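# Breakdown of the fold
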Amino acid sequence: MSTMRVELSDGNWCEVKARMTHGMRLAVQQCLPATSSIGSDGSMKGANQGDMDKANDALVLAAVVSWSYGSVSAEVLLEIPEEDYLGILRRLDELYSSGPLARVPVSLLEKPSL
């Protein structure tokens, strides 16, 4: 499978799968309630922020083949800078936006201001 390099902050990088796979879609769907769907405006309906966070993490972990942070794992994912996490999600949204429930819209990725 072909990959694409995503440049991140401070010289960091990751390699992601260039195309959505069936397993990636399933990993995302398993994190969302069965009643969730993508609305006509691109927003996720029927999922709360916790569901979305889990789905985003599942997508990143399924899509990233390698990165400059070491092993691709949930533990390492929690330690990467937020700007890099969002950068990866934005790139994945661009790459995978054509399939049904194949993406989590970037508009939902931004964390609310506290």
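Up top you'll find the structure we're talking about.
As a starting point, this report considers the structure included with it. What you see is a predicted model; the values in this text were computed from it and never measured. (Residues numbered from 1 in each chain as written. Predicted model: local features only at pLDDT ≥ 70, side-chain atom pairs only at ≥ 80, totals over all residues. Heavy atoms only, no water.)

With that out of the way, let us pick up unusual backbone geometry. If you check the backbone angles, Asp-10 has positive phi at about 55° while not being a glycine. Following the sequence through the fold, Asp-10 ends up in the loop between strand S1 (3-7) and strand S2 (13-17). (Helix = DSSP H or I, 4+ residues; strand = E, 2+ residues; numbered from the N terminus.)

For Leu-26, the location among the structural elements is in helix H1 (residues 22-29). When the C-alpha atoms of Leu-26 and Ala-62 are compared, they prove to be 9.9 Å apart, with 36 residues separating the residues in sequence.

On to the packing of aromatic side chains. Applying the stated rule across the entire model yields one aromatic pair. Ring centres of Trp-67 and Tyr-69 lie 5.9 Å apart, and the angle between their planes is 90°; this geometry places the pair in the edge-to-face category. Trp-67 gets classed as buried once you look at its relative accessible area, which sits at 4%. (Phe/Tyr/Trp six-rings, centres within 6.5 Å; stacked < 30°, edge-to-face > 60°. Buried < 20%, exposed > 50% of the residue type's maximum accessible area, 1.4 Å probe, protein only.)

Turning our eyes to something else, we now look at the pattern of salt bridges. One pass over the full model with this rule turns up two salt bridges. In this structure, the salt-bridge partner of Glu-7 is Arg-5, at a minimum N-O distance of 2.8 Å. For Glu-7, a relative accessible area of 55% corresponds to the exposed category. Here Arg-5 falls in the partly exposed class, since its relative accessible area comes to 44%. Between Glu-94 and Arg-91 there is a salt bridge, with its nearest N and O atoms 2.8 Å apart. Separated by three residues within a single helix, Glu-94 and Arg-91 lie in helix H4 (residues 82-96), roughly one turn from each other. (Salt bridge = Lys/Arg side-chain N within 4 Å of Asp/Glu carboxyl O.)

Moving on, we get to the packing of helix H2 (residues 49-63) against H4. Running from N to C, H2 and H4 point in directions that differ by 75°, and their axes come no closer than 10 Å. Considering the angle they form, H2 stands roughly perpendicular to H4. Contact residues: Asp-53, Asn-56, Asp-57, Leu-59, Val-60 and Ala-63 in H2; Tyr-85, Ile-88, Leu-89, Leu-92 and Tyr-96 in H4. (Axes fitted to C-alpha atoms, helices over the stretch in contact; angles between N-to-C directions. Parallel < 35°, antiparallel > 145°, perpendicular 65-115°, else oblique. Contact = heavy atoms within 4.5 Å.)

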